[in-house]
Amino acid sequence: LRILNRVQAVFGDMQGGLWIGAIGIGAWRFNPTTQRSTHVWQDVIVNDFYQDKEGTVWACTHTDLISVDPRNNAYPTIWRIPYDGEFGNRVLVDSDGFAWVGTDRSVYRVWRDMKEYTHYVHDRQNPRSFTGGLVESIFEDKWGNIWIGTWSGLNKFNKKTQLFTRFFHDEQDSSSLSDNYCTGILEDESGRLWISTRLGLNRFNETDSTFTRFLHQPVERIVRDQRGHLWFATTGGIAVFDPSDGS
């Protein structure tokens, strides 16, 4: 498989396949066992992939949410983002089976059959509404809360109350988020939440809803390996962090 175009998303599925989305060629799935690749979709710009616990692969494109079962190559199900000019950027399927689609300005919660959706937008008059801004990351924590990182701040969505709690950087408060541009969210093995931003790494302190700051440099992406170590793609290179001892 040789791709010369700009790659937007790379994802490894449960079956060992490698999904690649690139501008100009759509999406490919590469089988490392057979060394063969399949051109899955053409004429789409895939920005994110996600595989749910049922094995379904979801792709968030500029204009659509696409779901397909890679085990049987069934015809994909497609849900189009309702508003023209709004492009999809991130996708997550939560523990209840809802697909969360983050766009350049809002968030959608889409029913699994794609026949219904709820739209969350920023409301200046409502401090419990979504922050707005480009969605860079979506994550579900151990309690079922949905965390959404944007370039305008961090959001925590409570499924029971259907309300957002928002977190922002405050220059006068060193226990606030280090920057409003949130690039990644994940949990460590102890259930602690980590948020990467354009100005460093943050650990969320659940007891008082504050943040402890680490690694004071721009972090573009964050992943966790099998040993529990956190790996970061920064503007200065690759960094690895052990959350158990802070090294």
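Bear in mind that the values here come from a model prediction, so they are computed numbers and not experimental data.

Visitor: Explain a nonpolar patch on the surface here, please?
Guide: Taken together, the side chains of Val223, Trp231, Ile238 and Val240 define a hydrophobic patch exposed on the protein surface, amounting to about 390 Å² of accessible area. Within the secondary structure, Val223 sits in strand E21 (residues 219–224).

Visitor: Sorry if this is basic, but what is going on with the sheet that holds strand E9 (residues 88–93) here?
Guide: If you walk across this open sheet you meet the four strands as E9-E10-E11-E12, and the pairing is antiparallel. The open sheet has two edge strands with one neighbour each: E9 and strand E12 (117–120). Recorded for the sheet is a direction-independent mean angle of 20 degrees between the axes of neighbouring strands. Looking at chain direction, strand E10 (residues 99–103) and strand E11 (residues 107–110) are connected through four bridges and run antiparallel. Looking at E11, one finds that Ala99 is bridged to Val110.

Visitor: Explanation requested: the layout of surface pockets in the structure shown.
Guide: Empty pockets left among the atoms are what a rolling probe the size of a water molecule brings to light. Empty space within the largest pocket amounts to approximately 960 Å³. For the lining of the largest pocket, the elements supplying multiple residues, two or more each, are strand E1 (7–12), strand E5 (46–51), E9, strand E13 (135–140), strand E17 (182–187) and E21. The leading source of residues in the lining of the largest pocket is E1, at six residues. Classifying every residue of the lining of the largest pocket by side-chain character gives 19 nonpolar, eight polar and eight charged.

Visitor: I'm lost on the packing of aromatic side chains in this one. Help?
Guide: To describe a pair of aromatic rings, you give the distance between the ring centres and the angle between the ring planes. A full pass over the atoms with the stated rule returns 20 aromatic pairs. With 5.7 Å between their ring centres and 55 degrees between their planes, Phe130 and Phe164 make a pair best called tilted. Taken together, the residues Phe130 in the loop between E12 and E13 and Phe164 in strand E16 (residues 163–167) connect sequence positions 34 residues apart. The class of Phe130 is buried, set by a relative accessible area of 1%. Across from the ring centre of Phe98, 4.6 Å away, lies the NZ or CZ of Arg109, which sits over that ring.

Visitor: Teacher, can you tell me more about the nonpolar core here?
Guide: For soluble globular proteins, the rule of thumb is that nonpolar side chains tend to be buried together. Leu154, Trp194, Ile195 and Phe232 are the most contacted members of the largest nonpolar core, which has 21 residues in total. Elements that contribute at least two residues to this core include exactly E17, strand E18 (193–197), strand E19 (200–205), strand E20 (210–214), E21, strand E22 (230–234) and strand E23 (237–241). When sequence neighbours within four positions are dropped, the list of residues in contact with Trp194 reads Gly184, Ile185, Leu186, Asp188, Leu201, Asn202, Arg203, Phe214, Ile222, Leu230, Phe241 and Pro243.

Visitor: Sorry if this is basic, but what is going on with the sheet that holds strand E8 (residues 77–80) here?
Guide: By definition, the strands of a sheet pair up through backbone hydrogen bonds, in either a parallel or an antiparallel sense. On the basis of which strands lie adjacent, the open sheet formed by four strands has the order E5-E6-E7-E8 and antiparallel pairing. What marks the edges here is a single partner per strand, and that holds for E5 and E8. Taken pair by pair, the neighbouring strands of this sheet meet at an average axis angle of 15 degrees, ignoring direction. Sheet topology places strand E7 (residues 64–68) next to E8; four bridges connect them, and they run antiparallel. Bridge pairing links Ser67 to Thr77 in E8.

Visitor: Help me out: how do you make sense of the environment of Tyr181 in this one?
Guide: Tracing the backbone through its elements, the reader meets Tyr181 in the loop between E16 and E17. Among the residues examined, Tyr181 registers a relative accessible area of 16% and is labelled buried. Separated by 16 residues in the primary sequence, Tyr181 and Thr197 place their C-alpha atoms 5.5 Å from one another. Dropping the residues within four chain positions of it, Tyr181 is found in contact with Leu134, Glu136, Thr150, Trp151, Ser196, Thr197 and Arg198.

Visitor: Honestly, the pattern of salt bridges in this entry has me stumped. Any pointers?
Guide: Note on pairing: side chains with opposite charge can pair once their charged atoms come close. Applying the stated criterion to the full structure yields 12 salt bridges. Between Glu140 and Lys159 there is a salt bridge whose closest N-O contact spans 2.9 Å. Here Glu140, found in strand E13, pairs with Lys159, found in the loop between strand E15 (153–158) and E16; they are 19 residues apart in sequence, far enough to count as distant. For Glu140, a relative accessible area of 17% gives the class buried. Bridged by salt links that share partners, the residues Asp94, Asp96, Glu140 and Lys159 form one connected network.

Visitor: I keep staring at the side chain of Asp48 and nothing clicks. Help me out?
Guide: Here Asp48 lies in strand E5. A distance of 3.0 Å separates a polar atom in the side chain of Asp48 from the backbone nitrogen of Val91. With sequence-adjacent residues up to four places away left out, Asp48 is seen in contact with Ala9, Trp58, Ala59, Cys60, Asn89, Arg90 and Val91.

What counts and what doesn't
- Residues numbered from 1 in each chain as written.
- Predicted model: local features only at pLDDT ≥ 70, side-chain atom pairs only at ≥ 80, totals over all residues.
- Heavy atoms only, no water.
- Patch = residues over 30% accessible without salt bridge, like charges linked within 9 Å, V, L, I, M, F, W, Y side chains within 5 Å.
- Areas by Shrake-Rupley, 256 points an atom, 1.4 Å probe, with all protein chains shown as cover.
- Salt bridge = Lys/Arg side-chain N within 4 Å of Asp/Glu carboxyl O.
- Helix = DSSP H or I, 4+ residues; strand = E, 2+ residues; numbered from the N terminus.
- Pairing = 2+ DSSP bridges.
- Axes fitted to C-alpha atoms, helices over the stretch in contact; angles between N-to-C directions.
- 1 Å grid on protein atoms, 1.4 Å probe; cavity = no way out; pocket = protein on both sides within 12 Å on 5 of 7 lines; lining within 4 Å.
- Points joined across faces, edges and corners; volume = space filled by probe spheres on them.
- Nonpolar A, V, L, I, M, F, W, Y, C, P; charged D, E, K, R; others polar.
- Phe/Tyr/Trp six-rings, centres within 6.5 Å; stacked < 30°, edge-to-face > 60°.
- Buried < 20%, exposed > 50% of the residue type's maximum accessible area, 1.4 Å probe, protein only.
- Lys NZ or Arg CZ within 6 Å of the ring centre and 35° of its normal.
- Core = buried A, V, L, I, M, F, W, Y, C linked by side-chain atoms within 4.5 Å.
- Contact = heavy atoms within 4.5 Å.
- Polar contact = N/O pair within 3.5 Å; in protein donor to acceptor, adjacent residues only side chain to side chain.

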